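The chain contents come next:
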Amino acid sequence: PQYQSASTIGFFLSMPHGEIQTRDAIERMVCEDGKTLYVPRVGLDFELCDMDLVRCESGDTTSSSSNSEEGSKLFYDSWPTNKWGIPE
């Protein structure tokens, strides 16, 4: 009930390997359920220990036949990655 009534969701972007993959859940939240998503951004300089939450809208995700393995191009596919391969 809480998820269905929520208009915004905070979620994390997963590392490429070694932890649960969040891509499918993010695609569902943004594309199918129309949620406004907030994801953490620590920054490319981890020594600063700063973290922001970045707002990602449903319009930031588009279908793409060139990215057929994932099925869609998500908002973070073009973001630079940090030292763990997490898009930021």
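In this report, we go over the structure that sits alongside the text. (Residues numbered from 1 in each chain as written. Predicted model: local features only at pLDDT ≥ 70, side-chain atom pairs only at ≥ 80, totals over all residues. Heavy atoms only, no water.)

1. Brief notes about helix 2 (residues 23-32)
Because an α-helix packs 3.6 residues into every turn, residues spaced three or four apart end up facing the same way.
Working step 1: Where helix 2 is concerned, the buried positions are Arg23, Ile26, Glu27, Met29 and Val30. Here the buried residues of helix 2 occupy an arc of 165° about the axis, which is enough to place them on one side. Of the exposed residues in helix 2, those oriented more than 90 degrees away from the buried face are Asp24 and Glu32.
Working step 2: Immediately downstream of helix 2, the backbone of Gly34 shows phi near 65°, a positive value. (Buried < 20%, exposed > 50% of the residue type's maximum accessible area, 1.4 Å probe, protein only. Helix = DSSP H or I, 4+ residues; strand = E, 2+ residues; numbered from the N terminus. Arc of directions from axis to C-beta.)

2. Things to note about the sheet that holds strand 2 (residues 36-41)
Working step 1: Ordered by their spatial adjacency, 3 strands build an open sheet running 1-2-3, and the pairing between neighbours is mixed. The open sheet has two free edges, formed respectively by strand 1 (8-10) and strand 3 (52-56), since each of these has just one partner strand. Taking the axes of each pair of neighbouring strands and ignoring which way they run, one obtains an average angle of 30° across the sheet.
Working step 2: Here strand 1 runs beside strand 2; their pairing, made up of 3 bridges, is parallel. Note that in strand 2 the partner of Thr8 across the bridge is Thr36. (Pairing = 2+ DSSP bridges. Axes fitted to C-alpha atoms, helices over the stretch in contact; angles between N-to-C directions.)

3. A closer look at the environment of Val54
Working step 1: For Val54, the location among the structural elements is in strand 3.
Working step 2: Along the primary structure Val54 and Gly10 are separated by 44 residues, whereas in three dimensions their C-alpha atoms are 9.4 Å apart.
Working step 3: Setting aside chain neighbours within four positions, we find Val54 in contact with Leu37, Tyr38, Val39, Arg41 and Trp79. (Contact = heavy atoms within 4.5 Å.)

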